[in-house]
Every structure is written in C-alpha cells, then in structure tokens.
Amino acid sequence: MDIIFKNVTHIYQPRSPFEHIALKDISLFIPSGSFVAVIGHTGSGKSTLISHLNGLSLPTEGEIRIGEFTLTKDKKPENLMELRSRVGVVFQYPEHQLFEESVRKDIAFGPKNFGVSEEEIESRIREVLPAVGLSESLLARSPFDLSGGQMRRVAIAGVLATKPEVIVLDEPTAGLDPRGQKEIMEMFYHLHHSENLTTVLVTHSMEDALKYADYVIILNKGKKYMEGKPEDIFIQKEALHQVGLDVPEIVEFIASFEEKFQTKIPFHNQSISQLAQHIAEQLRGVG
Amino acid sequence: MAKPVISFQNVSFRYDENQPWVLKNVSFEIHKNEWVAIIGHNGSGKSTIAKLLNGLLFPQKGEIAINGKPINEETVWDIRKEVGMVFQNPDNQFVGATVQDDVAFGMENRGIPREEMEKRIDETLQAVGMGEYRLTEPHRLSGGQKQRVAIASVLAVSPEVLILDEATAMLDPRGREEIMHTVANLQQSKELALITITHDLHEVVQADRVIVMNEGEIWDEGLPREIFSKKDELQKIGLDVPFITALAAELQKNGIALQREPLYGEELLEDLWTLYSKM
Amino acid sequence: MNNLMIIGQYVPGDSVIHRLDPRTKITVIFFFVVIVFFANNLWSYSTLIIFALLSMFSSKVPIRFILKGLTPVWFLIIFTFLLHLFITKEGTKVVDFWIFEFYSGGILQGIAISIRFFLLILVTSLLTLTTTPIEITDAVEEMLAPLKKVKFPVHELALMMSISLRFIPTLMQETEKISRAQASRGVDYRTGPLKERIKAIVPLLVPLFVSAFKRAEELAMAMEARGYRGGEGRSKLRELRIEKIDIGIYIFFIIVAAIVFATRSYG
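As recorded by an unreviewed UniProt entry, chain C carries the name Energy-coupling factor transporter transmembrane protein EcfT and is attributed to Compostibacillus humi. Taken from UniProt, the Sequence similarities (unreviewed entry) comment for chain C reads in full: "Belongs to the energy-coupling factor EcfT family." In its Function (unreviewed entry) section, UniProt records this for chain C: "Transmembrane (T) component of an energy-coupling factor (ECF) ABC-transporter complex. Unlike classic ABC transporters this ECF transporter provides the energy necessary to transport a number of different substrates."

Identification of chain B as Energy-coupling factor transporter ATP-binding protein EcfA1 from Compostibacillus humi is taken from an unreviewed UniProt entry. The Subcellular location (unreviewed entry) comment attached to chain B in UniProt states, word for word, "Cell membrane". Comment text from UniProt for chain B, heading Sequence similarities (unreviewed entry), reads "Belongs to the ABC transporter superfamily."

Colleague: Summarise the domain arrangement of chain C; cite the residues concerned and give the values.
Modeller: Domain assignment breaks chain C into domain 1 (2-131 + 241-263) and domain 2 (144-225). Here the C-alpha centre of domain 2 of chain C lies 33 Å away from the C-alpha centre of domain 1 of chain C.

Colleague: Tell me what's going on with helix 3 (residues 22-36) of chain C, and back it up with residues and numbers.
Modeller: All names here are of chain C. Between the first and last C-alpha of helix 3 there are 21 Å, a value that for 15 residues agrees with the 21 Å anticipated at 1.5 Å per step. Turning to helix 3, its buried residues number three or more, namely Pro22, Thr24, Lys25, Val28, Phe32 and Ile35. Seen along its axis, helix 3 keeps its buried residues to an arc of 150 degrees; they face one direction. In helix 3, those exposed residues whose orientation departs by more than 90 degrees from the buried face are Phe30 and Val34.

Colleague: Describe the sheet that holds strand 7 (residues 161-165) of chain B, listing the residues and the values that go with them.
Modeller: The strands making up a sheet are joined through hydrogen bonds of the backbone, oriented either antiparallel or parallel. Residues and elements named next belong to chain B. The mixed open sheet is built from six strands, whose spatial order is 6-7-8-3-9-10. A single partner strand is all that each edge strand has here, and the edge strands are strand 6 (83-86) and strand 10 (217-222). Sheet twist, expressed as the average angle between the axes of neighbouring strands with direction ignored, equals 20 degrees. In terms of strand pairing, strand 9 (residues 209-214) meets strand 10 through five bridges, oriented antiparallel. Note on strand 10: the bridge partner recorded for methionine 213 is isoleucine 218. Strands in contact with helix 5 (residues 143-155) are strand 6 and strand 7; relative to strand 6, the strand with the most contacts, it is inclined by about 170 degrees.

Colleague: Summarise the interface of chain C and chain A; cite the residues concerned and give the values.
Modeller: The interface is formed by 16 residues belonging to chain C together with 20 residues belonging to chain A. Among the secondary structure elements, those contributing two or more residues to the side of chain C that touches chain A are helix 8 (154-184) and helix 10 (202-225) of chain C. Class assignment for the residues of the side of chain C that touches chain A results in nine nonpolar, five polar and two charged.

Colleague: Describe the interface of chain C and chain B, with residues and values.
Modeller: Contact with chain C, which involves 25 residues of that partner, is made by 29 residues of chain B. Elements with a minimum of two residues in the side of chain C that touches chain B: helix 8 and helix 10 of chain C. The greatest single-element share of the side of chain C that touches chain B, amounting to eight residues, is contributed by helix 10 of chain C. Residues of the side of chain C that touches chain B, tallied by class, amount to 11 nonpolar, five polar and nine charged.

What counts, and where the lines are drawn
- Residues numbered from 1 in each chain as written.
- Chains lettered and ligands numbered in written order.
- Predicted model: local features only at pLDDT ≥ 70, side-chain atom pairs only at ≥ 80, totals over all residues.
- UniProt positions renumbered as here; feature names shortened; annotations may be inferred.
- Domains from an automatic or database assignment.
- Helix = DSSP H or I, 4+ residues; strand = E, 2+ residues; numbered from the N terminus.
- Expected span 1.5 Å × (residues − 1).
- Buried ≥ 20, exposed ≤ 12 C-beta atoms within 10 Å, placed from the backbone.
- Arc of directions from axis to C-beta.
- Pairing = 2+ DSSP bridges.
- Axes fitted to C-alpha atoms, helices over the stretch in contact; angles between N-to-C directions.
- Contact = placed C-beta atoms within 7 Å.
- Nonpolar A, V, L, I, M, F, W, Y, C, P; charged D, E, K, R; others polar.

Here it is in structure tokens:
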C-alpha cells in the first residue's frame, strides 16, 4: 500500500492552554514495498506521525492516504478495523502489551479481533513463531514467565500474525543487548523482503537507518527537515548537526580521512570491509 | 598499591538453591578514581554485581568489601552511604514530588539537617546541570534529565563509589550524551570509583578498564583497547566492538600493519598517516 | 484525559492563599464546611458568600479555572434545586401552571441548598487549586502526628500518598500507551454492546497491573539503595511553619464565624 501525506498538520488540544503543534504541514510519499527510516529527536513528532498510519490519530489539517483508505480531519475511514489489520504497529517496548495467560492466546489476540478463523490463526502461529525465532514449546507458557527478549518476540509475533502489509516499527530494539538488537533488525529486514512489506522504522540509530532503510525522513520540531536516500542524506554532516543529529560513524571517518589525505572516497553505503579494502588500495597508491 | 575501594573475592551468587549460579567465583578489585566498565550480554550476571555491591543482594560464597569493610546485614546501611546507584528506568527511581524532594530523599533517610540539605541540593543540582529545575515535577522532565537528578540524589550523600546500572539504556542519544558528559566530569572532580554497566560501546571506550562478563564468570579484563582487539571472540559471546576497532581489524586483513589497536578515529588516522608517509 | 486533570489541579501562584500553611487552609476549610450548615438566613449566608468570594479573589486563580472545576457539579446543584422546588410544599403557592406547583418555601430552600453546595465546592476546590498535593500530604502527616503514639503508621501513610501522587501522571501516560497498542491490535473501546466494551478493558488492565507491580518493585529497590529504612531517624526537607499571616487568617475566620452565629435566626 502506498502511503501519502498531503500537508498534514496535527495539533494536540487545539484552542486550549495546552495546545501543542506536533506536526506541521508534512507532505510525503512512501511507495509500497519501501523500507523507510524516520529519524528525529524526542519531541520531533515521530510518534505522532506514525500514530496516523493506522488511524489512532487523525490529522488536524491535510489528508492522508494509505492504500485505498483516506484519513482527514473529521473522516475516519469507513473500515478502521480493516486498516488496522493491514497496518501492523510494533510499539516501543511492545512486551508491555502482553496480557493473555498463554503465548498462543496472546499471539492469537490480534487476528481474532480482526475476525480471522481459528484454523487460519493456528496456521499463522506456526508460521510466525519460527520467523521471530521462538520454539513451539513456548506456546502453552505464560508470556510473563519468559525472558525480556522472548517477551518482545511474542509481542512481535502477535503483530505479524495479523498479516499486515505495512509494518510500523517504533524503536523496536530499545533496551536489548547488541546481539538482541542485531537479531531483531535482521529479522525485520528479512521479513520486509520475504513478505513484501512496506516498512516504516522509527529509530535513533543512524547505523540502523543506513544499514536497512532505502529512504530516510528526518523530522525536526514537527516539520520535515530532510528526506532522501540514506547515502545522500548522511553525508550532509553540517545540516544534520544543526538539528543535533550525528552522522553514522563510517561517514564521519570517511570525512576525516578525506580531509587528512586530501582525497575522495565516494560514499555509497559500502561495508566496513569494502571501505578497508578501498583505503588499503589508496594507501598503496593503486586506487 | 593503595587499598582498593571495592574488592570482590571468589563471589558466587544464586537466587535460590534450585536455580543455577548467576555468578561463579568472581574476583576483582576497583580503586579510587578508577572508571571500570562492565559489559556482557543480557543475563551474563553484570547487573547482579551491581546489586551485590550495594547490599541489595548478599552472596552465598565469597566476600565483598567496600574500603576493607565486608558487606553484611550489619554494615549494609553504612555501605549504602558509600555506594551510590543509578538504575535503568528513569521513572521508577524518582521518589520525590519535585526535583529537590528527590535529591533530598537519600539525605532525609540519613537524618541530615535541613540547612545542610538545602546547601547540598544546590551544589549537586548545579553539578549535574539541573540547577534551574529545583521545583520541577518529574513528569515535566525528559528521561535524561530525570537520570541527572538521580545522579544528583546519589551524590548528595557523597559516596565514594558510583554505579550506573544501564542508566542510559532507555535514553535517546542526546540524553545519553548528557549523562556521560556529566558523569565523566564528576568522576574526575570527585575522584570517584565509577562502575558503568552498559551495552553502549562509546561508554566502554571512555573507561579505564573493562570487565567482560559471560555466563556468570569474568571472561576477560583489561584496557578497552586490549579487550576490543579480540573482535571475533567477543562476537561469539554476543558483544560488539566499536566501529574504529572493526575497521582497524579489516585493514589488518588487507595487509595494513597498524602499530597499535586504535579506539578513536584520530588514532587510526595518525597510524595510517605514518604508514602512508613511509610508503 | 488531560481535561480531567484540570479538576482540582494546582495552579501555581504566589498569592496570600498560596502562601498560607496548608494546615491553616485545611483547618479553616474544615470549620467553614461545618459553619455552612448553620447559616439559615440572608445575613449569615451573605457573610459566608463574602468570605468565600474574598478568598477566591485573593487566590488570584483565574476565574475560568475555578468555573471549569465546578462544571461537573453544576448538574448536582441544579438537580438539588429542582428537587426542592418540586418536593417542598411550604409557604405560599407562587406558581400554579399545568402540573407545576411551586411554593415560596421550596424556592427559598432550593436556593439555600444550592448556595450551600456551591460554597462547599468552591472553598474545597480553592484548597486543591492553591496547594500542591505534596503540601497537602505534609499537612496530613503533621496533623495526624499525634496518632503515632498509638502506633498508627502516619509516616508510611504520608509516603504512600506522596508516591501515589507522584505516579499518577506516569500511570496515565502508560494507560494511554497501552490502550493505543491494544487498539492497534483490533480492540474497539468505543463501539459495540456494553458487554463487549467491558471485555475490552481486560487487555488494558492486565498490562497496567503488571507494569505497576514492576514499577513498585523497582521503586522499592531504588529507595532501599538510597538508604530508606522507615520513618525513624529521618530528617525532613519540607518544613511547615505557622507565620503571622496564618494567625491573621485564623482571627479573621473566627470573626466571620462569630458574625454567622450572631446573625443566624434561632428558634
């Protein structure tokens, strides 16, 4: 599903002493099948932006189209449930949403609400468990007996079991150790391709955005500050610093290398080993 | 060498008899004015070390001493004055209704007189850069600000040891930077023994020494650059190395012989420059 | 949800009323509430109304905040008024129209009761508008202090109160977050039969409880780590002090009370 924002503004508690403009005149286009990273500081409007994607919020001004669904100021789409079943959201610390007595029931909760049949749910559970790296032996256990990392996987399985076409990830790796972070991101990256998903990733990690996203949107104080391909955005060190963001470490290093050695290393999202090879060649005067 | 502030001797711990050991025969020492980072994947036992140091847990085997004084049921209240702790969740350790009440909490527990409290609240809030927020309520603060208040609260009882138990894990990069900046300054000026338990490699690089935990045991211990030179082994136990270290390792593979294990970009550039000028 | 917070919410300020010792405010309000029930004629009511309005204006809290705080009780005031209007059949008949029969006694009593209501709510909401919850807690702790002698856990009670107050905004945010997460998983809080809507609360309540317990556990550990071991031997940062202005208010209030008792009708 294509996602289109047309001049979207969102104001919390308009015309009250608590009025707060969270999004201001945002227009964007996220084509179906893309992997988009949304970056910005706390309070930049990221959370408000993604809460529009499944109709939890409606724009105060402007229009949003998600596939055939339209969201405007006073018009919720006719079938909000249908929208929510097709746009899955993995919230920050999603393990906080677990509540059922067994892992099986918790995973089944979403699809059941969306009217999926029992047999279909059962087959989906068998499908998503290996995808999130959990064994079937956990199905009968209480989710509250699991480790933090496992609980998060159960919560993610619950979102995947609704078979969304768009998946929204709000800092999905927060609080995990480096191995857990990597596993979770690799998992979503794999699913993005195998399930033909449209993925919207909210993150603070420039490294993750660089590694996984094919398009980056930078928000600042509720406005769209920059957008483009990661390799084009992340080389703009000055512009990023201006809104208090850092460039990925590899970009930082390339920039200082170029300065010291008075040379150019074009940045094309190369891996560390590609970069090392390039530098080695340059030093030997081959490149 | 001077007497260590913290000594862990052959410490083993488990939550109860039917459960596996969380820590197995762990020994180390930490000195005054030393910054030690403890790393390890979740469940490696690193947070248990923090709780043992503060007498929130007691070991089944071995002995833990602070300034030569062993931690046990009798000494624990004195020990807690020496060992300050900041936990992971900024919300769940903010006791006071306002910033100044929270900073006062630890001092009130120790019966410190009012005038002295007033003075120390000012001092410590200044020290963590929160001087203007004395009367602010917690829900109006960011996570990073709350953690800085937590640090001020701990400092107010002037401990000798400060432990940050994943205190930056729930913060955004800006909040993390604020905290680490504050802590690095305080450690220097107050000559604290600082222990940071963390996954953040930038924090580890700044430490004087690193202790790597794995499966409840000390897997390795050394200078950050020594530890990070073992990239492949670290990755096997679920840990990462900083970008510069990883790049240096790749360069070595490409036949670039570096003189040292660089931790910072400038170091690597210098080494490369030296090599380049010889070529 | 934020709208709810306005009711009785503290409005920061530096007025006389704000600066009063919370114990003074609580005591005066307590006796005011008692005296309101003694007023029974124009003079005694006027005295109390003047006192209430004077307090209101000297608090410098914007009128709209006060009125907003009263919104949920307007209904109650009007309802009581109508009740008296229809039920009390004393005095002379003033209105006789179709099924309506209103008596002068009913109207007067209706007005009196409504004024009573209005005064009670106005004055008590002034307390919460000008006093932080933590000041109220401090005052309660101080005022209940004599009960310590009979082993009543006054300190613990006050600490519980202040921690609960401290966590209200946190838990409200949490509720909001979890309800959004569950709504995204297809929970519908707004439509459907009542039974379904009640069932929809379970996925909200369970995670809230789980997280509240976890918070409590972590908080207890953090408090212990910071040397908390009960009320004994603790010093206090917050100190309540009766100032000249408090004495002044007590005297003023005694005069008001005296006027009420002097002017009310007896017999």
